[in-house]
Amino acid sequence: MSVESLAALSAAFEKWRGGKRHLREAVPPELMERAHAASRRHGPAAVARATRIGRARLFRGGRKEHRGSSVALVTVPRYTCVEVPVSIPASRPFAEVETVTGLKVRLFLESGESVGLLSALLGLGGAQ
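Residues numbered from 1 in each chain as written. Predicted model: local features only at pLDDT ≥ 70, side-chain atom pairs only at ≥ 80, totals over all residues. Heavy atoms only, no water.

A. Spatial organisation of the overall build of the protein. Within the protein, the secondary structure is distributed over 5 helices and 2 strands. Sequence-ordered secondary structure for the protein, helices as α and strands as β, is α-α-α-α-β-β-α. A total of 128 residues make up the protein; the buried ones form 22% of that total. Look at the contacts in the protein between residues 6 or more apart in sequence, and 41% of them connect residues 24 or more apart. Here the protein displays about 10,300 Å² of accessible surface, and carbon together with sulfur accounts for 57% of that area. (Helix = DSSP H or I, 4+ residues; strand = E, 2+ residues; numbered from the N terminus. Buried < 20%, exposed > 50% of the residue type's maximum accessible area, 1.4 Å probe, protein only. Contact = heavy atoms within 4.5 Å. Areas by Shrake-Rupley, 256 points an atom, 1.4 Å probe, with all protein chains shown as cover.)

B. Broad picture of helix α5 (residues 112–123). For α5, with 12 residues, the first-to-last C-alpha span of 16 Å sits near the 16 Å given by 1.5 Å per residue. Of all the positions in α5, only S114, L118 and L121 are classed as buried. The buried residues of α5 all sit within an arc of 65 degrees when viewed along its axis, so they share a single face. For α5, the exposed residues lying more than 90 degrees away from the buried face are G112, E113 and G123. The secondary structure elements touched by the buried residues of α5 are β1 (95–98) and β2 (104–107). (Expected span 1.5 Å × (residues − 1). Arc of directions from axis to C-beta.)

C. Layout of the packing of aromatic side chains. Taken as a whole and assessed by the stated rule, the structure comprises 1 aromatic pair. Between F13 and W16, the ring centres sit 6.3 Å apart and the planes meet at 85 degrees, which makes this aromatic pair edge-to-face. One end of the pair is F13 and the other is W16, both in helix α1 (residues 6–18) and 3 residues apart, which spans about a single turn. (Phe/Tyr/Trp six-rings, centres within 6.5 Å; stacked < 30°, edge-to-face > 60°.)

D. Just unusual backbone geometry, in detail. Its identity is not glycine, yet R52 carries a phi of approximately 60 degrees, on the positive side. On the secondary structure map, R52 appears in the loop between α3 (44–51) and α4 (63–67).

E. Inspection of the pattern of salt bridges at higher detail. Under the criterion given, the structure shown has 3 salt bridges. R17 serves as the salt-bridge partner of E14, at 3.7 Å between the closest nitrogen and oxygen. In this pair, E14 and R17 are both assigned in helix α1, 3 residues apart and thus about one turn of the helix distant. Between R106 and E96 there is a salt bridge whose closest N-O contact spans 3.1 Å. You can see R106 sitting in strand β2 and its partner E96 sitting in strand β1, a full 10 residues away along the chain. Residue classification places E96 among the partly exposed residues on the basis of a relative accessible area of 43%. Taken together, the shared-partner salt bridges connect E14, R17 and R52 into one network. (Salt bridge = Lys/Arg side-chain N within 4 Å of Asp/Glu carboxyl O.)

F. Examining the side chain of T51 more closely. Here T51 is to be found in helix α3. Assessed through its relative accessible area of 0%, T51 is described here as buried.

G. Region of the structure containing the nonpolar core. The biggest cluster of nonpolar side chains holds 13 residues, and the ones touching the most others in it are F13 and A35. Only α1, α2 (29–42) and α3 provide two or more residues apiece to this core. Residue contacts for A35: discarding those within four places in its chain leaves L9, F13, V47, I53 and L58. Among the nonpolar cores identified, the runner-up in size contains 6 residues, and V105, L107, L118 and L121 belong to it. (Core = buried A, V, L, I, M, F, W, Y, C linked by side-chain atoms within 4.5 Å.)

Written out as structure tokens, the structure reads:
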């Protein structure tokens, strides 16, 4: 495969830009492949100047390839119960907070940390 000149690549991009149907139309894959091949030969900066496309798009593994990656999404559990053994069992919580999203927090042991957590939860807004 021969590497084309920057002038020919620039003319191909201008021809494509002249025939676009809408402003944000995607660059055809064949044209991007030609730009990638030219950037390996002439360098990304020279190809970016000639084609008027972003330099970052000339590197393999750009934004487009990361969108369809198969990274597993971490799901947040809807309910979590943390039981902490206390020396004096409390039958009723001293504080209960429910947010607009339905998150319920019950505090059974009054300590400096629990009061700090309570003030942080109430400071977020949307708590009842």
